[in-house]
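# An overview of the molecular structure
This is what each chain is made of:
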Amino acid sequence: MPKPRILVIDDEAPIRDSLKMTLEYEGYDVIGAATGQEGLALAEREAPDLVLLDVKMPGMDGIEVLERLRNMNDSLPVVVVSGHGTISTAVEATKKGAFDFIEKPFASERVLVSLRNALDSRQLRDENRFLKKAVEIRHQMIGESAGLKHVMAAVGRAAPTNATVLITGESGVGKELVARTIHRNSLRSRERFVQVNCAAIPEELIESELFGHEKGSFTGATEKQVGKFEQADRGTIFLDEVGDMSAKTQAKVLRVLQEGEVERLGSARTVKVDVRVIAATNKNLEEEIEKGHFREDLYFRLAVIPIHVPPLRERQEDIAPLVRHYMDFFSRENNVRPKRIAPPALDALTRYRWRGNIRELRNTVERMIIMTAGDTIDITDLPETVRSPAAWSTAGSGGLAAPKQPGDSEAGKAGTLREFKENAERMFLVGKLRENGWNISKTAEVIGTPRSNLYKKLEQYQISQETDG
């Protein structure tokens, strides 16, 4: 592990030398500068982990250097030291972004404690930034289909407001991703995003989960619990599978939406909350209202901005980008070498109906990344259910027509796995050439391969329009 690098900017050589000796003894790497200009140049070139900065220096003083350092890198911790320490100087340095202020003469232990705290604070900030970025990548919405663009347009309009949003769509289409994207782009993005799966919590516990309870309010309530609505105060609460809530819970949620207050179980006191509500369901709530299972007034309060997420089979243009995204993601997460996917395999994935939507695709890609031994995922590496033409979309159902597959005669000739792969690839290429009117350039572009490579394949498999009977 590399040593933390400390930049000492002080015009007094004895102090620089003393700090260098002390800090190097403690395991730090130390570089020094005698002027503000020299210190700024070193900070830009050497990328230190922390700066110890004197205030009183000839030429450019420490406060000006501090401002420039913060403009250069606002995450770089700066500890200011001064032999002319006053409260006003300390306050000014703190306002300008200094982590700490130390007066000269200073004890070595005081400096070391300040440095450790500053470096720990930076590490926590860096880790938090990394984790936040990782969460954003994990919850990215990937795709270019018209259906997804329509969803993203609605998200863009809804996000800056405080209006409640109702997200509908089949299980696994990415309703949670839509909710998180709304929150991330809202004015509440710095506050909490609290998620509640209403279908996963037993009916006798969901009120306690949402609204909290006082100690002794029911059997097993051994201590007070703050509910999810209070936890989400000033932030966003995401009520997933809202259609599964009981009538009693629906009434209480309606009260929160109307009055902006909650009442814990076992308490007569109400608590004001400022919460933005986003709900989601895979049920048709209008049908549930007709059956008497869902309150109409709650439906209208939730569906101020309705957003419907279409199933993956209706936005097949998104499948290839999603496959590549998850291949990259799971390669990094599972610490395996990146793999490529063969055109016939990607074509089969694109044609598959994905009844489980993005969730099913995600799990399938993760399995292929882990279980495929080679560097290329081919059609034979796909699960049997995915590569079976019976499970593919058909032209009659609004999807793509399944390409002609090697028949029994071709399959019988394929005595080895390699022969089977070659037969499958040959049939794939012939099918694509037919679809594109035997236009080589267009076919190469569609299947994502250089024209020269396609010509080689045509020669290898002796494919031509004349031989296509």
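This text follows the structure it describes.
Quick summary incoming for the structure in this document. Everything numeric in this text was worked out from a predicted model, so none of it was measured.

### Notes on the overall build of the protein
Along its length, the protein carries 20 helices and 16 strands. Within the protein, the proportion of its 469 residues that are buried is 45%. Long-range pairs, those at least 24 residues apart, make up 68% of the contacts in the protein with a sequence separation of at least 6. Roughly 24,700 Å² of accessible area belongs to the protein as shown, and the carbon and sulfur atoms make up 49% of that amount.

### Re the sheet that holds strand β2 (residues 29-33)
Here we have five strands laid out as an open sheet, ordered β2-β1-β3-β4-β5, and parallel in their pairing. Edge positions in the sheet fall to β2 and β5 (100-103), since each of these pairs with one other strand and no more. Between one strand axis and the next, the sheet turns through 20° on average, direction left out of account. As paired elements, strand β3 (residues 50-54) and strand β4 (residues 78-82) share four bridges and run parallel to each other. From the neighbouring strand, Val51 faces β4, where its bridge partner is Val78. Running at roughly 170° to β2, helix α1 (residues 13-25) makes contact with β1 (5-9), β2 and β3 of the sheet.

### Some words on the pattern of salt bridges
Applying the stated criterion to the full structure yields 35 salt bridges. Taking the shortest distance from any N to any O, the salt bridge between Glu261 and Lys272 comes out at 3.6 Å. Highlighted residues: Glu261 in strand β11 (residues 261-263) and Lys272 in strand β12 (residues 270-272), separated in sequence by 11 residues. Judged by relative accessible area, Lys272 falls into the exposed class, the value being 59%.

### With respect to the packing of aromatic side chains
In the structure shown here, the tally under the stated rule is six aromatic pairs. Their ring planes at 90° and their centres at 4.6 Å tell us that Tyr352 and Trp354 sit as a pair that is edge-to-face. As far as burial versus exposure is concerned, Tyr352 and Trp354 are alike and both buried.

### Considerations on the layout of surface pockets
Put simply, the largest pocket is a space of about 740 Å³. In terms of lining, the largest pocket is formed by 35 residues, of which the most central are Pro343, Pro344, Leu346, Phe428 and Ile447. Of the residues forming the lining of the largest pocket, the biggest block, eight residues, is contributed by helix α18 (residues 417-435).

### Observations regarding unusual backbone geometry
Between Lys104 and Pro105 the backbone carries a cis peptide bond, its omega angle lying at -10°. With respect to the helices and strands, Pro105 occurs in the loop between β5 and α5 (108-138). Positioned with a positive phi, Arg234 is a non-glycine residue whose angle comes to about 75°. Backbone geometry at Gln462 places phi at a positive 55°, although glycine is not the residue there. Along the chain, Gln462 turns up in the segment after α20 (451-460). Residue classification places Gln462 among the exposed residues on the basis of a relative accessible area of 65%.

### Some details on a negative patch on the surface
Taken together, the side chains of Glu286, Glu287, Glu290 and Glu296 present a region of like negative charge at the surface. Mapped onto the elements, Glu287 comes out in helix α11 (residues 285-290).

### Overview of the pairing of β1
Within β1, four of the five residues are buried, which leaves it mostly tucked inside the rest of the structure. Relative to β2, β1 runs parallel, the two being bridged by five bridges. Counted as the bridge partner of Ile6 is Val30 from β2. Assessed by its sense of winding, the connection that carries the chain from β1 through α1 to β2 is right-handed.

### Side note on the packing of helix α2 (residues 36-46) against helix α3 (residues 62-72)
As a packed pair, α2 and α3 sit with axes 10 Å apart at the nearest point and diverge in direction by 15°. Comparing their axes, α3 and α2 come out roughly parallel. Crossing angle aside, the handedness with which α2 passes α3 is right-handed. Only Val65, Arg68, Leu69 and Met72 of α3 make contact with α2, whose side of the interface consists of Gly36, Leu40, Ala43 and Glu44. When the residues that make up the contact of α2 with α3 are grouped by side-chain class, the tally is five nonpolar, one polar and two charged.

### Section: the nonpolar core
Residues Leu210, Phe229, Leu239 and Val253 are the most contacted members of the largest nonpolar core, which totals 30 residues. Residue contributions to this core peak at four residues, all from helix α10 (residues 247-259). Setting aside residues up to four positions removed in sequence, Val253 forms contacts with Leu210, Phe211, Phe229, Leu239, Met245 and Leu298. Formed by 27 residues, the second largest nonpolar core is a distinct cluster that contains Ile142, Ala345, Leu346 and Ile369.

Rules of the game
Residues numbered from 1 in each chain as written. Predicted model: local features only at pLDDT ≥ 70, side-chain atom pairs only at ≥ 80, totals over all residues. Heavy atoms only, no water. Helix = DSSP H or I, 4+ residues; strand = E, 2+ residues; numbered from the N terminus. Buried < 20%, exposed > 50% of the residue type's maximum accessible area, 1.4 Å probe, protein only. Contact = heavy atoms within 4.5 Å. Areas by Shrake-Rupley, 256 points an atom, 1.4 Å probe, with all protein chains shown as cover. Pairing = 2+ DSSP bridges. Axes fitted to C-alpha atoms, helices over the stretch in contact; angles between N-to-C directions. Salt bridge = Lys/Arg side-chain N within 4 Å of Asp/Glu carboxyl O. Phe/Tyr/Trp six-rings, centres within 6.5 Å; stacked < 30°, edge-to-face > 60°. 1 Å grid on protein atoms, 1.4 Å probe; cavity = no way out; pocket = protein on both sides within 12 Å on 5 of 7 lines; lining within 4 Å. Points joined across faces, edges and corners; volume = space filled by probe spheres on them. Patch = residues over 30% accessible without salt bridge, like charges linked within 9 Å, V, L, I, M, F, W, Y side chains within 5 Å. Lys, Arg positive; Asp, Glu negative; His and termini not counted. Charge placed at Lys NZ, Arg CZ, Asp CG, Glu CD. Right-handed = clockwise from strand over helix to strand, strands pointing away. Parallel < 35°, antiparallel > 145°, perpendicular 65-115°, else oblique. Left-handed = near helix turned anticlockwise from the far one by under 90°. Nonpolar A, V, L, I, M, F, W, Y, C, P; charged D, E, K, R; others polar. Core = buried A, V, L, I, M, F, W, Y, C linked by side-chain atoms within 4.5 Å.

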